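# Geometric and topological summary
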Amino acid sequence: MIQRRGYGRELIRKVMPGFSSSSNRQDQPPIGLIAGWGSFPVEVAEHVIASGRRICCIAITDHASTDLESICDHVKWSGVGKIGAHIRYFRRHGIHQVTMAGKLFKSELLFQGSVWIKHCPDWTAIRTFGPCLLGNRPDSRDDSLLLAVTNTYARHSLNICPATDFAPELLVDQGHLIGTPLTQKQSRDAEFGWQVAKQMGGMDIGQSITIKDGTVLAVEAVEGTDECIARTGTLCRRGGWTLVKVSKPNQDMRFDVPTIGPQTVTRVAENGGTAIVIEADKTILVEREETYRLAKQHGITIVALAQPQAIAAAA
């Protein structure tokens, strides 16, 4: 579990930008949050509280931050496989809108048996995932599994909404965010890497690739971005490579939105990378000040592009 600053609800409502004290928002139904790993769910919760809305959270066991307990109006810790219990929890609290935020460690959940031991799927989860995992043609791609969850929630009158609807400030605008301008070689790598990453995303394989001198070093798959970065450090000991992270061609903003933060910068620096290229308006940047501080400290350039042709303008 990740732990962060853990501001209380009342302090958040007073100090965060965009704070709304209107009582009519308090009278609206709470927002439901399904929280995985990382600081993303914490920041979403902070933004919801700052807007004057209440928030009730399903915090996924062994993933979510305990900071959520001091932020949310109510928290229930639960295994990821308790979908029926999650739905009953949200309905009991009068919730109509639910959002997902934070990473789930898919390789551990699906391929190492922990979902059965720690997260105990209930009958609703088995019915939800059965067609994807137990049919004649198993399909455990992220979009397939998450769409199955979304459809199950919809059948119980619960609407899964993008987390960025509640915290739009977390999306990155186009531009040169931090660090020195990209070199010509880095710009060429970014343009080619963007094309490769988009193709990988279109096949629902992963959203990140690493590249140097026109050679793709590693492609993110089920292991996640951090392990992709670590593998790159082993393969390219000379360093000087670029991480490119983009959205899928038809990105569903309700889930699996590309995200970077302090840990991304630290991992890139530790493994010899020098630049991070992300997609503007489709990438979430968490703990922004700390991310920029670490990037400056380690000499990492971060650029957000709307499309590869915008590299020259961003530089």
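Since we're looking at a predicted model, the values are computed, not measured.

### A closer look at the packing of aromatic side chains
One pass over the structure, following the stated rule, counts 2 aromatic pairs. With a centroid separation of 6.3 Å and 55° between ring planes, the pair formed by F90 and Y153 is classed as tilted. One end of the pair, F90, is in helix α5 (residues 83-92); the other, Y153, is in helix α9 (residues 142-155), with 63 residues separating them in the sequence. Residue Y153 is classed as buried on the basis of its relative accessible area of 1%. Every member of this aromatic cluster is reached through a ring pair, and the members are Y89, F90 and Y153.

### A look at the pattern of salt bridges
Tallying each qualifying case throughout the model produces 8 salt bridges. Its salt-bridge partner being K198, residue E279 comes within 2.9 Å of it at the nearest N-O pair. Of this pair, E279 sits in strand β11 (residues 273-279) while K198 sits in helix α10 (residues 184-202); the two residues are 81 residues apart in sequence, bridging distant segments of the chain. For the pair formed by E279 and K198, the shared burial category is buried. D252 is the salt-bridge partner of R254, the closest N and O atoms lying 2.7 Å from each other. Relative accessible area serves as the criterion here: at 21%, R254 is assigned to the partly exposed category. What you see here is one network of salt bridges that share partners, running through D204, K248 and D256.

### Observations regarding helix α13 (residues 288-298)
Here α13 has its buried residues at T291, L294 and A295. End-on, the buried residues of α13 take up no more than an arc of 100°, which puts them together on one face. Facing away from the buried surface of α13 by more than 90 degrees, the exposed residues are E289, K296 and Q297. Taken together, the buried residues of α13 touch β6 (175-178), α12 (262-270), β12 (284-285) and β13 (301-305). Directly after α13, the chain includes G299, whose backbone phi takes a positive value near 70°.

### As for the side chain of E220
In this structure, E220 sits in the loop between β8 (215-219) and α11 (225-235). At 4.2 Å, K245 is the nearest oppositely charged side chain to E220, a buried residue that forms no salt bridge. A distance of 3.4 Å separates a polar atom in the side chain of E220 from a polar atom in the side chain of T225. Other than its neighbours up to four places away in sequence, E220 contacts I205, G206, Q207, S208, T225, C228 and K245.

### A closer look at the environment of G52
With respect to the secondary-structure elements, G52 resides in the loop between α3 (40-50) and β2 (55-60). Judged by relative accessible area, which is 3%, G52 ranks as buried. In this structure, the C-alpha to C-alpha distance between G52 and D27, residues 25 residues apart in sequence, is 9.5 Å.

### Topic: the sheet that holds strand β4 (residues 97-101)
If you trace the 5 strands from one edge of the open sheet to the other, you get β3-β2-β1-β4-β5, paired in parallel fashion. In this open sheet, the two edge strands, each paired with only one partner strand, are β3 (74-78) and β5 (159-161). Each strand of the sheet is rotated relative to its neighbour by a mean of 25°, with strand direction disregarded. Contacts from α3 reach β1 (31-35), β2 and β4 within the one sheet, and its direction differs from that of β1 by about 165°. Its contacts with the sheet put α9 on β1, β4 and β5, and the angle it makes with β4 is roughly 160°.

Rules behind the numbers
- Residues numbered from 1 in each chain as written.
- Predicted model: local features only at pLDDT ≥ 70, side-chain atom pairs only at ≥ 80, totals over all residues.
- Heavy atoms only, no water.
- Phe/Tyr/Trp six-rings, centres within 6.5 Å; stacked < 30°, edge-to-face > 60°.
- Helix = DSSP H or I, 4+ residues; strand = E, 2+ residues; numbered from the N terminus.
- Buried < 20%, exposed > 50% of the residue type's maximum accessible area, 1.4 Å probe, protein only.
- Salt bridge = Lys/Arg side-chain N within 4 Å of Asp/Glu carboxyl O.
- Arc of directions from axis to C-beta.
- Contact = heavy atoms within 4.5 Å.
- Lys, Arg positive; Asp, Glu negative; His and termini not counted.
- Polar contact = N/O pair within 3.5 Å; in protein donor to acceptor, adjacent residues only side chain to side chain.
- Pairing = 2+ DSSP bridges.
- Axes fitted to C-alpha atoms, helices over the stretch in contact; angles between N-to-C directions.

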